[in-house]
Amino acid sequence: MQPLLTRIADRRAARSEATLQADIRQLLLAGDFGLIGNELDVDLEAPASGGRRIDIQVGFTVIEVKKRLQPGRTLHEAERQLAGYVRSRSQETGQRYVGILTDGASWRAYQL
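Residues numbered from 1 in each chain as written. Predicted model: local features only at pLDDT ≥ 70, side-chain atom pairs only at ≥ 80, totals over all residues. Heavy atoms only, no water.

Draft legend 1. View of the nonpolar core. With 12 residues, the main nonpolar core is built from Ala 46, Ala 48, Ile 54, Val 62, Leu 69, Leu 75, Ala 78, Leu 82, Tyr 85, Val 86, Tyr 97 and Leu 101. Take this core: its biggest share by element is 5 residues, from helix H3 (residues 73–93). Those residues in contact with Ile 54 that sit more than four places away from it in its chain are Leu 44, Glu 45, Ala 46, Ala 48, Val 62, Ile 63, Tyr 85 and Arg 89. With 11 residues, the next largest nonpolar core counts Leu 4, Leu 27, Leu 28 and Val 58 among its residues. (Core = buried A, V, L, I, M, F, W, Y, C linked by side-chain atoms within 4.5 Å. Buried < 20%, exposed > 50% of the residue type's maximum accessible area, 1.4 Å probe, protein only. Helix = DSSP H or I, 4+ residues; strand = E, 2+ residues; numbered from the N terminus. Contact = heavy atoms within 4.5 Å.)

What follows is the structure in C-alpha cells.
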C-alpha cells in the first residue's frame with residue numbers, strides 16, 4: 001500500500017490525470033476504508049450531464065482529479081466543475097453528495 005500512496009502523492013512524477021485517477025481508484029478498492037456493498041463500486045469516467053465525465057464516483061462521493069492544483073484560476077475552475085457534478089448528481093438521485101478535489105498530494109472536501 002505504501003508504494004501506491006507514495007506514487008499518488010508525488011507531484012514531481014510525470015504522470016497523466018488518467019494514471020492518477022487509476023491509482024486513486026486502486027487505493028479506494030484496496031485500502032481499508034470500510035466500504036461495503038454498493039460502496040465498493042468505484043467508477044472511473046462516470047457520465048455526467050452535458051457530455052462531461054466525472055473522474056471518480058464512489059457511493060455518494062464525486063472525486064475530481066487534476067494533475068496539479070494551484071491557487072488561482074486553475075483551482076477556481078476545478079471547484080466550479082466539481083460543484084456542477086455534485087449539484088447534478090444530487091438533483092438526479094435526490095441524495096446528498098459530497099465532492100473531493102485532489103491532485104494526489106492535496107485533498108479538498110466540498111459540499112453544497
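Following the structure, the description resumes.
Draft legend 2. The packing of aromatic side chains, seen in detail. Summed over all chains, the structure comprises 1 aromatic pair. With a centroid separation of 5.3 Å and 85° between ring planes, the pair formed by Phe 60 and Tyr 97 is classed as edge-to-face. Of this pair, Phe 60 sits in the loop between strand E2 (53–58) and strand E3 (61–65) while Tyr 97 sits in the loop between H3 and strand E4 (98–102), placing them 37 residues apart in sequence. Assessed through its relative accessible area of 5%, Tyr 97 is described here as buried. (Phe/Tyr/Trp six-rings, centres within 6.5 Å; stacked < 30°, edge-to-face > 60°.)

Draft legend 3. A look at the pairing of strand E1 (residues 42–47). Where E1 meets E2, 5 bridges bridge the pair, whose relative direction is antiparallel. From the neighbouring strand, Ala 46 faces E2, where its bridge partner is Ile 54. Where E1 folds back onto E2 in an antiparallel hairpin, the turn is made up of 5 residues, including Gly 50, whose phi is positive at roughly 75°. (Pairing = 2+ DSSP bridges.)

Draft legend 4. Structural detail: the sheet that holds E4. Read from one edge of the open sheet, 5 strands run E1-E2-E3-E4-E5, paired in mixed fashion. A single partner strand is all that each edge strand has here, and the edge strands are E1 and strand E5 (107–110). Across the sheet, the axes of successive neighbouring strands diverge by a mean angle of 30°, strand direction being ignored. Running at roughly 140° to E1, helix H2 (residues 17–30) makes contact with E1, E2, E3, E4 and E5 of the sheet. (Axes fitted to C-alpha atoms, helices over the stretch in contact; angles between N-to-C directions.)

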